[in-house]
Amino acid sequence: MHMNSAPHLLTEDRPEYERILDDALRHAHERPDLAAVGERLNPVQLRTMAMAATALITAAAATEYEHYVKAREEIRAAAAGPEEDGEADVGPAGAHQSGAGIGVVITVLAPVLAGTAAVIFLLIGYLLEALDPPPSFARTMVGAGWFFTAATAAAILVAAVGLLVTALRNGSTSVAAEEQGEELPEDVARAREAWRHALLERGILPFLRDALADPGAAPAARIPHRSANRIPKIGYSRPDFSSPDDGPAAAPRPTFTSPDFTSPDFGGPEHELD
């Protein structure tokens with residue numbers, strides 16, 4: 001962005017420009033100078049014309065917009081610094097996050113492993129008890145199977161509670177982040193409000209008033225400090241193909257005679273060569 005020229009409207013600020021324009025058209029009936037909206041030009045036509053002249057309208061509030069963008073970029077740069085430092089930090093916070101990740105893995109895998117062990121022990125234990133006579137450790141296998149069944153149920157309950165707590169914690173964190181993102185710092189908020197006010201009072205409203213005063217004029221003619229004859233009128237003349245050595249147009253055209261194919265030395269059949 002050049003400091004000595006009007007800043008170009010950034011893509012992220014274009015919706016704000018459209019919102020201010022729509023709000024001005026929506027409340028046009030409350031302004032006496034815009035009372036002709038809907039009579040000479042309707043809001044759709046005015047909005048189309050204003051969108052086509054976005055660069056010219058926003059130039060009226062170039063100083064305020066430049067200050068707003070600069071203040072916003074400074075806040076973003078200051079906020080990005082601690083985040084980069086936090087990513088490079090591998091202190092106790094990083095160790096805590098690593099431990100939390102291991103805990104989540106164990107919580108998820110415990111029901112699976114316990115359930116698998118319960119099925120194996122119960123299946124083998126009841127098959128051994130079906131033998132005649134059953135082995136002495138068959139009852140032990142069945143008891144171990146029921147133990148792992150109880151462990152599976154407990155692990156599933158713990159995992160469900162852990163997932164619920166994690167979901168609630170992440171939800172509250174995201175809501176807090178969104179609320180914090182909507183609140184701008186005081187200096188940025190003031191710069192933004194100043195730009196919006198200047199854009200409305202010095203850009204959008206004058207453009208709409210001029211458009212209603214002269215509906216037949218082109219949008220470019222309604223912007224101040226623009227010359228109507230800035231683009232010269234280009235005309236074309238018929239090219240002159242005559243050369244300087246040519247005579248006047250009324251000079252007689254040259255005539256042509258039939259060529260003579262006779263040779264000076266050939267006089268006819270009656271003349272014989274010596």
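Source: prediction; values computed, not measured.

### Notes on the overall build of the chain
- The number of helices and strands found in the chain is seven helices and zero strands.
- In the chain, buried positions account for 22% of the 274 residues.
- Looking at the chain alone, contacts between residues at least 24 apart form 75% of all its contacts between residues at least 6 apart.
- Carbon and sulfur atoms make up 61% of the accessible area of the chain, which amounts to about 20600 Å² in all.

### Considering helix α7 (residues 186–213)
- The terminal C-alpha atoms of α7 lie 39 Å apart, and with 28 residues this matches the ideal 40 Å at 1.5 Å per residue to within 8%.
- By the largest-angle criterion, L200 marks the main kink of α7, which is about 35°.

### A look at the packing of aromatic side chains
- Throughout the structure, instances matching the rule amount to five aromatic pairs.
- Consider the rings of Y65 and W195, whose centres lie 5.0 Å apart with planes at 45°: the pair is tilted. In this pair, Y65 is assigned in helix α4 (residues 62–88) and W195 in helix α7, connecting sequence segments 130 residues apart.
- We classify W195 as buried; its relative accessible area is 1%.
- With 5.5 Å between their ring centres and 15° between their planes, F121 and F148 make a pair best called stacked. Here F121, found in helix α5 (residues 92–129), pairs with F148, found in helix α6 (residues 138–182); they are 27 residues apart in sequence, far enough to count as distant.
- We classify F148 as partly exposed; its relative accessible area is 25%.
- Site record: aromatic cluster; members linked through ring pairs are Y65, Y68 and W195.

### Details of the side chain of D13
- Its place among the elements puts D13 in the segment before α1 (14–26).
- Judged by its relative accessible area of 3%, D13 falls in the buried class.

### A short note on the nonpolar core
- Counting 34 residues, the largest nonpolar core has Y17, L46, I57, L199, I204 and L208 as the members making the most contacts within it.
- Going through the elements one at a time, α1, α2 (43–52), α4 and α7 are the ones with two or more residues in this core.
- Residue contributions to this core peak at 12 residues, all from α7.
- Every residue in contact with L46, bar those within four places of it in the chain, is listed here: L25, V37, L41, L208, A211 and L212.

### Some details on the packing of α1 against α7
- Close contact between α1 and α7 brings their axes to 10 Å; oriented N to C, the two are set at 55°. It follows from the interaxial angle that α1 and α7 lie oblique. Helix-helix and strand crossings are classified by hand; for α1 and α7 the assignment is right-handed. Only R192, W195, R196, L199, L200, I204, L205 and L208 of α7 make contact with α1, whose side of the interface consists of E16, Y17, R19, I20, L21, A24 and L25.
- Grouping the constituent residues of the contact of α1 with α7 by class yields 11 nonpolar, no polar and four charged.

### Looking at α1
- For α1, with 13 residues, the first-to-last C-alpha span of 18 Å sits near the 18 Å given by 1.5 Å per residue.
- Every buried residue of α1 is accounted for by E16, Y17, I20, L21, A24 and L25.
- Structurally, α1 contributes buried residues whose contacts are with α2, α3 (54–58) and α7.

### Things to note about the environment of D33
- Along the chain, D33 turns up in the loop between α1 and α2.
- Judged by its relative accessible area of 35%, D33 falls in the partly exposed class.
- Remark: the alpha-carbon pair of D33 and L212, spanning 179 residues in sequence, is separated by 9.0 Å.
- With near-sequence residues (within four places) excluded, D33 lies in contact with R209 and L212.

### Focus on the pattern of salt bridges
- Using the criterion set out here, one finds 16 salt bridges in the structure.
- Linking R47 and D22 is a salt bridge whose minimum nitrogen-to-oxygen distance equals 2.6 Å. Taken together, the positions of R47 in helix α2 and D22 in helix α1 put the pair 25 residues apart, joining distant regions of the chain.
- By relative accessible area, D22 is classed as partly exposed at 24%.
- Notably, a salt bridge pairs R31 with E201, separated by 3.8 Å at the nearest N-O pair. One end of the pair, R31, is in the loop between α1 and α2; the other, E201, is in helix α7, with 170 residues separating them in the sequence.
- Assessed through its relative accessible area of 29%, R31 is described here as partly exposed.
- For E201, a relative accessible area of 33% puts it in the partly exposed group.
- Each of E16, R19, R192, E193 and R196 takes part in a single network of salt bridges with overlapping partners.

Conventions and cut-offs
Residues numbered from 1 in each chain as written. Predicted model: local features only at pLDDT ≥ 70, side-chain atom pairs only at ≥ 80, totals over all residues. Heavy atoms only, no water. Helix = DSSP H or I, 4+ residues; strand = E, 2+ residues; numbered from the N terminus. Buried < 20%, exposed > 50% of the residue type's maximum accessible area, 1.4 Å probe, protein only. Contact = heavy atoms within 4.5 Å. Areas by Shrake-Rupley, 256 points an atom, 1.4 Å probe, with all protein chains shown as cover. Expected span 1.5 Å × (residues − 1). Bend = angle between axes of the 7 residues up to and from the residue. Phe/Tyr/Trp six-rings, centres within 6.5 Å; stacked < 30°, edge-to-face > 60°. Core = buried A, V, L, I, M, F, W, Y, C linked by side-chain atoms within 4.5 Å. Axes fitted to C-alpha atoms, helices over the stretch in contact; angles between N-to-C directions. Parallel < 35°, antiparallel > 145°, perpendicular 65-115°, else oblique. Left-handed = near helix turned anticlockwise from the far one by under 90°. Nonpolar A, V, L, I, M, F, W, Y, C, P; charged D, E, K, R; others polar. Salt bridge = Lys/Arg side-chain N within 4 Å of Asp/Glu carboxyl O.

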